[in-house]
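# Summary of the model geometry
The primary structure of each chain is shown beneath.
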Amino acid sequence: MRDFYSLAGQFKVTLSDGSEYSATLPGTLDTNEIGYEDSIKGKLHQDENYVENKALSVAKAIATRLTRNHTYEGKAVFSKVCDKEISEDKRVFLKAERARVLELKIDGRNVPALSGSLSTPYVFEVTGALKKGFVIELVSDNSYEGLPHDNILYSSAATDETQTNWNGMIGELGIFEKENTFIKSVRVYPERCSMQWQDGAANREGEQTRWILDVVADIDSKEGFEGKLFLSFKELSLDKEIHVNCRDGENCVRTSIEAKVPRELLWDEAEGKLIHLSACLVSGNSDEPGSAAGQQAPIADFLDEYETTFGIRSFEDVDGYLRLNGRRIFLRSEANCAVFPETGHPPMDVSSWKEIIQTYMGYGVNCLRFHSHCPPEAAFTAADELGMLMQPELSHWNPRNAFSDLKAADYYEKELLELLKSCANHPSFVMLAFGNELQAREDGMAVADRLLDLCHKTDATRLFAFSSNPFYGEKGADAGSDFYTASWYKDKPMRATFDGMRGYLNNEYPDARHSYDDTVLAIRKEYHKPIFSFEVGQYEVLPDFKEIEDFKGVTSPKNLELIKENVKKKGLLDTWEKRVEATGELALLSYKEEVEAARRTQEYSGISLLGLQDFPGQGTALVGMMNSHLKSKPYSFADSVRFKSFFGEVLPLVYLEKYCYTDSEVLSATVRLSNYSKGDITGRLKACLLDGETSLFTKDNYPEITATQGQLTDIGEIRLYLSGLNLKRNSALTLKVSFAGYENSYRIYVYTAESQKPQKPSGIYECRTMDEDAKEILRRGGCVFLAPDSAKESLPSSIKSTFTTDFWSVGTFSSQEGSMGLLIDSGHPLFKDYPTSFHSDYQWFAQSSQRTMILPEGIKSIVTVLDSYAYLRNMGMLFEAFCEKGRVLVSTMGLHKLKKYPECRALLTSIYRYMDSEDFTPDQNISLEELGRLVQ
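Throughout what follows, the structure given in this document is the object of discussion. Predicted, not measured: the structure shown is a model, and the values here were computed from it.

Let us now look at empty space enclosed by the protein. Applying the stated criterion across every chain, the model contains six cavities of 30 Å³ or more. Counted as a void, the largest cavity has a volume near 70 Å³. R98, R100, L118, S119, A157, Q163, W166, H373, C374 and S395 are the residues that line the largest cavity.

Structure below.
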């Protein structure tokens, strides 16, 4: 910015209690180590989550989120003496790029703000008020007096659960000077002239399309002005001259320019093509455009120049689908919740945001949703250059009565309008919602409808919605919103898993055919705009304690340290990394099914995840492939390449009816290609079945198919008689398909006929309860298979297990039992003929959905059920032990009632064979009394 003087440096800080400190700005009280001890307080939190346990090495810990090293809520006065010579013949402004609520005093006199909100810069005009030697006082208030305090503190913009409710000023801070008349901003709104991109015409190299560039220039004049505004669009080789006649004050100059734009200049997904615009303001009747057109204007005539970039692209609803530059797109979105543990606030520079966005892109993400916050302009600049789509939200999370309070409505209207102006030239900015999970009464919805109408009149190049997940989906979509993103549509699900472990992924036998077509049919009866799912995933992963060493900034991981201390007390540290890995592999498997189900839904315009990054608050919801520092966890499951393999623009989908087969069955499945690339794709399906690296079946003579862009296209059928494989053992195989270089794979399990007729050996006593016969046999040195019904009545010390890991966190959803999938001793001889990894896969679905015992400490399981870090109970579904003089194997899977599943018949066969072999030699003991307490 021309004539900009930075105010960065030391300020005196005075808190509301009168205490004084020295602080560096830009920065926050946290980064300056100013404030009080952190604690959980207020109605947005549960007071009982504040833990004090002197037995732990962490003497005082907030168990549900990261702990701020310093905290403060209230007014803080940042003051310094102006040491700059201020021009007396220029207009002078003070800018703070990002703050909370900010007031300005110059030598004790109030200076009103021209603009400013939690999402946009504060600007004050200090012309005539500021001179060298005067005292600048910036009063920063993060208590939001007169604003919707709870709505803001609940949002990601200010919650201590993630970003922290910091106090201070970050980003650009300084004074700039302008002429009496100057260009305040120039905004460009590109609109394509007609439906000219049918049938993918715009994808042809060199294709030109006609656009109307609606240009809005804000000119601020102190004394009125008549002259010319010259506009120059560098990459378009286009110039425009506009005669302007400005009155005193702010003036809005509008013009429309027709342009022919070649396809290669359009901004697009992963293509950050930008147009450079120069504007030059010249007084009088001069014909010289000055620097805007590359010529030198007479100095007396030249007043001001303004430079910016923008992108030419369309983003719209066409027939109920999201279309970017005329073609259907599928959002692969991720929720960013403003987790920045080192600074407690988002970075303000472009390079940091480029690194963040490239990290997300490495996992396949093409759209970032900013959960109840708007990132700084540097984020949009980085996204513009990299071709990332962006969906900001207002600093608003009110699940009760949004917009009913008039002061709240006024504030959010101000924040909205300023955001629309400040982000107008960023092509990455494609969508906006007024907040997260908003609910409103009739009066609030009337305000929302008015604001939606205001958005549409202000900016026709973007899409807007009342809320992400409005009313938790219970009321469906509101007609005024341009898109609907939710977890439910009334009583119809839009994702696979919910709190309370509801959803098909935990309650229906697994296949690869599920879609949300039924939900879409219900939606389309009332709503015909784009739809996509909301906060999909939330599969918790056990914490990786290595991250603790990374905390060197304004927050401390006392919640993680508390968990680690409990893990150490339980004696689990030696096996912890394997437990983390097991939960992570299961989470990855679950995410894959979520993504594929959305891709199988032709009417969906995308899927929005929560999330790839750990959420360190709300009970410590560690759901990510990456930790809170946005670093991939040091395990195979977190490898971005593995995630992107099913989270890309093109994905072959095999519609498997199940994952477990007998060798007498026929594997029959349709294969479709979900194509959201930038054009049609021609190729041939190739299918192969692998046993390790050995190919058991290959077919590559399928007919050539052209898969239409934006469609699900049938590309072939797989029909494989498994008996023809001549398998000699139960096998875990990989079904791999590819089409034109795009691949996908599925793990399937095939069981031999021999394994499907479990026969209990005569030397084993099998019982459902710990009856007297079982006790006597054990006393005599015999073998007992204790296999009770998997019911609470039979297993008094047990919980209901689930297939997936826990949803989000038990700290938030305390009704959940907390099971986290299986840790399997895959090298145990029992599994000699039952192929398994150390973690859950679909051949364990039926078993892992049963009850699991809470075992005495020290008892080891062959099949362990992992527990939430909130409880760390010793749980298992299958264990063995010596008892009295005999041996006992205990199963809570209820396999005798699961014989309709081939994998369960095969597991029962393996159990019988193991118990009848010399390998059945337990290495632990249990008493009859303990068995009696476990099984009744």
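This is not the end of the story, as more comes after the structure.
Below, the discussion takes up helix 13 (residues 902–915). Taking 1.5 Å per residue as the helical rise, helix 13 with its 14 residues ought to reach 20 Å, and the 20 Å between its terminal C-alpha atoms agrees with that figure. Across the 14 residues of helix 13, 13 count as buried, placing the element largely inside the fold.

Two descriptors summarise a pair of aromatic rings, namely the distance from one centre to the other and the angle between the planes of the rings. Applying the stated criterion across every chain yields a total of 40 aromatic pairs. Aromatic side chains Y363 and F643 sit 6.0 Å apart centroid to centroid with 65 degrees between the ring planes, which places their arrangement in the edge-to-face category. Remark: F643 occurs in helix 10 (residues 640–644) and Y363 occurs in the loop between helix 2 (350–362) and strand 27 (367–370); sequence separation between them is 280 residues. Since its relative accessible area comes to 0%, F643 is described here as buried.

This part takes up the sheet that holds strand 24 (residues 321–324). Judged by pairing direction, the sheet is antiparallel, and its three strands sit side by side in the order 23-24-25 without closing on themselves. With partners counted over all chains shown, the strands left at the sheet margins are strand 23 (315–318) and strand 25 (327–328), one partner each. Taken together, the two bridges between strand 24 and strand 25 define a ladder with antiparallel strand orientation. Across the sheet, the residue bridging to R323 is R328, located in strand 25.

The buried fraction of strand 36 (residues 606–610) is high, at five of five residues. Across the two faces of strand 36 the burial is the same, with G606, S608 and L610 and I607 and L609 all buried. The pairing of strand 26 (residues 331–336) with strand 36 spans four bridges and is parallel. Counterpart to L331 in the pairing with strand 36 is G606. Sheet topology places strand 34 (residues 531–537) next to strand 36; three bridges connect them, and they run parallel. Counterpart to V536 in the pairing with strand 36 is L609.

Across nine bridges, strand 18 (residues 225–233) lies against strand 19 (residues 238–246) in antiparallel orientation. Its bridge partner lying in strand 19, F225 is registered against C246.

Membership of the largest hydrophobic core comes to 176 residues, with the highest contact counts inside it found for F78, L138, F403, F434, M625, F643 and L656. In terms of residue count, the dominant contributor to this core is helix 9 (residues 573–599) (eleven residues). If near-sequence neighbours (up to four positions away) are discounted, F434 is found in contact with L394, H396, F403, L416, A448, L451, L452, C455, A465, F466 and S467. Judged by nonpolar contacts, the second largest core, of 36 residues, contains I764, A846, L889 and L907.

Reading across the sheet, the three strands line up as 37-39-44 and stay open at both edges, with antiparallel pairing between neighbours. Edge positions in the open sheet fall to strand 37 (650–654) and strand 44 (711–721), since each of these has one partner strand only. Neighbour-to-neighbour, the strand axes of the sheet open up by a mean angle of 20 degrees, direction not taken into account. Alignment of strand 39 (residues 666–675) against strand 44, held across ten bridges, turns out to be antiparallel. Bridged to S674 within strand 44 is L712.

Let us look at the pattern of salt bridges. A complete count under the given rule lists 56 salt bridges for this structure. Taking the shortest distance from any N to any O, the salt bridge between E250 and K184 comes out at 2.5 Å. In this pair, E250 is assigned in strand 20 (residues 249–262) and K184 in strand 16 (residues 181–192), connecting sequence segments 66 residues apart. A salt bridge links R913 to D833, with the nearest nitrogen and oxygen atoms 3.2 Å apart. Within this pair, whereas R913 is found in helix 13, its partner D833 is found in the loop between strand 50 (819–824) and helix 12 (845–848), the two being separated by 80 residues in sequence. A relative accessible area of 37% places R913 in the partly exposed class.

Once that is clear, we can look at helix 4 (residues 406–422). Compared with the 24 Å implied by 1.5 Å per residue over 17 residues, the 24 Å span of helix 4 between its first and last C-alpha is a close match. Restricting attention to buried positions, one finds in helix 4 the residues A408, A409, Y411, Y412, E413, E415, L416, E418, L419 and L420. Buried residues along helix 4 sit against strand 12 (113–115), helix 1 (149–154), strand 29 (431–433), helix 5 (442–458) and strand 30 (463–465). For helix 4, the N-terminal cap is D405; the gap from its side-chain oxygen to the backbone nitrogen of K407 is 3.1 Å.

Definitions and limits used
Residues numbered from 1 in each chain as written. Predicted model: local features only at pLDDT ≥ 70, side-chain atom pairs only at ≥ 80, totals over all residues. Heavy atoms only, no water. 1 Å grid on protein atoms, 1.4 Å probe; cavity = no way out; pocket = protein on both sides within 12 Å on 5 of 7 lines; lining within 4 Å. Points joined across faces, edges and corners; volume = space filled by probe spheres on them. Helix = DSSP H or I, 4+ residues; strand = E, 2+ residues; numbered from the N terminus. Expected span 1.5 Å × (residues − 1). Buried < 20%, exposed > 50% of the residue type's maximum accessible area, 1.4 Å probe, protein only. Phe/Tyr/Trp six-rings, centres within 6.5 Å; stacked < 30°, edge-to-face > 60°. Pairing = 2+ DSSP bridges. Core = buried A, V, L, I, M, F, W, Y, C linked by side-chain atoms within 4.5 Å. Contact = heavy atoms within 4.5 Å. Axes fitted to C-alpha atoms, helices over the stretch in contact; angles between N-to-C directions. Salt bridge = Lys/Arg side-chain N within 4 Å of Asp/Glu carboxyl O. Polar contact = N/O pair within 3.5 Å; in protein donor to acceptor, adjacent residues only side chain to side chain.

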